Amino acid sequence: DSGVTQTPKHLITATGQRVTLRCSPRSGDLSVYWYQQSLDQGLQFLIQYYNGEERAKGNILERFSAQQFPDLHSELNLSSLELGDSALYFCASSPRLGVYEQYFGPGTRLTVT
Amino acid sequence: GQNIDQPTEMTATEGAIVQINCTYQTSGFNGLFWYQQHAGEAPTFLSYNVLDGLEEKGRFSSFLSRSKGYSYLLLKELQMKDSASYLCAVNNGGSQGNLIFGKGTKLSVKP
């Protein structure tokens, strides 16, 4: 158990819908990362927050957005969902900015039908 | 662009030694990580190299050559539970810590 929690574990929804994925980092960790993992693409970095502020963006679609709240939990919002958005979404946390080991949550499996 | 290459699949025998290679071409470099991921589960940290050379941690070792853009993960005394995907990831020099992952190498350990 990494100490990172994610909810829900599974999510099934239809195309065009909007969903919110939630992540709570390890106690004391200020930095949160979101990744998408699909079968053919591997783990793709989406976005990073540190202490409430966006710090880095990867291959995140404009239909996706995220935020980190004062209690340091983070939410990833996915809208106008398409079949291709079906994937495992992982959240990871690390203690500070910089290059540190990242601790991954169990992931949310999103299926868009 | 950013490119990280690993073999897609490997097979090895229980008790043996296996080496998983990773080559990278990135705009910058600030460290290389290896993660283990069992099917459907979260990646877990195995090792971190930022300087050239070998880092040993129990049955697992990781090597880095920055001049060659090359790393390998060495697994000794293989056990059935080592069957998993092994992900090579690079921090490309950004101070934020985000990682670029390879697609992973699926290792199957056979009796």
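A short tour of the structure in this document, coming up. (Residues numbered from 1 in each chain as written. Chains lettered and ligands numbered in written order. Predicted model: local features only at pLDDT ≥ 70, side-chain atom pairs only at ≥ 80, totals over all residues. Heavy atoms only, no water.)

### Some points on the sheet that holds strand S6 (residues 53-57) of chain B
Residue and element names in this part refer to chain B. Pairing is antiparallel in the open sheet, where 5 strands are placed in the order S1-S3-S8-S7-S6. Across the chains shown, the open sheet's two edge strands, defined by having one partner strand only, are strand S1 (3-5) and S6. Here the strands of the sheet are splayed against their neighbours by 15° on average, with no regard to which way each runs. Where strand S3 (residues 18-25) and strand S8 (residues 70-75) come together, 6 bridges link them in antiparallel fashion. Paired with Gln 19 across the two strands is Leu 74, which belongs to S8. (Pairing = 2+ DSSP bridges. Helix = DSSP H or I, 4+ residues; strand = E, 2+ residues; numbered from the N terminus. Axes fitted to C-alpha atoms, helices over the stretch in contact; angles between N-to-C directions.)

### Structural notes on the pattern of salt bridges
Counted according to the given criterion, the structure contains 6 salt bridges over all chains. A salt bridge links B:Arg66 to B:Asp52; its shortest N-O distance comes to 3.0 Å. Taken as a pair, B:Arg66 in the loop between strand S7 (60-65) and S8 and B:Asp52 in the loop between strand S5 (44-49) and S6 lie far apart in primary sequence, 14 residues in all. Assessed through its relative accessible area of 42%, B:Arg66 is described here as partly exposed. On the basis of relative accessibility, which here comes to 44%, the residue B:Asp52 falls in the partly exposed class. Here the salt bridges do not stand alone but share partners, grouping A:Arg63, A:Glu82 and A:Asp85 into one network. (Salt bridge = Lys/Arg side-chain N within 4 Å of Asp/Glu carboxyl O. Buried < 20%, exposed > 50% of the residue type's maximum accessible area, 1.4 Å probe, protein only.)

### So, the pairing of S6(B)
All names here are of chain B. With 5 bridges joining them, S6 and S7 adopt antiparallel strand pairing. In the strand pairing of S7, Glu 56 is matched with Ser 61. Linking S6 back to S7 in an antiparallel pair, the connection comprises 2 residues, with Gly 58 at a positive phi of about 65°.

### Examining the interface of chain A and chain B
Taken together, the contact between chain A and chain B spans 21 residues of the former and 20 residues of the latter. A buried area of about 1600 Å², summed over both sides, lies between chain A and chain B, and 57% of it is on carbon and sulfur atoms. It is A:Leu43, A:Val99 and A:Phe104 in chain A that bury the most area against chain B; as a group they hold 34% of the surface buried on that side. For the interface between chain A and chain B, the tally reads 0 salt bridges. Along the contact surface separating chain A from chain B lie 2 residue pairs in polar contact (both at pLDDT 80 or more). Of all the secondary-structure elements, those providing two or more residues to the side of chain A that touches chain B are strand S4 (31-38), strand S5 (42-50) and strand S6 (53-57) of chain A. Broken down by class, the residue content of the side of chain A that touches chain B amounts to 11 nonpolar, 6 polar and 4 charged. (Contact = heavy atoms within 4.5 Å. Buried area = accessible area lost by both parts, 1.4 Å probe. Polar contact = N/O pair within 3.5 Å; in protein donor to acceptor, adjacent residues only side chain to side chain. Nonpolar A, V, L, I, M, F, W, Y, C, P; charged D, E, K, R; others polar.)

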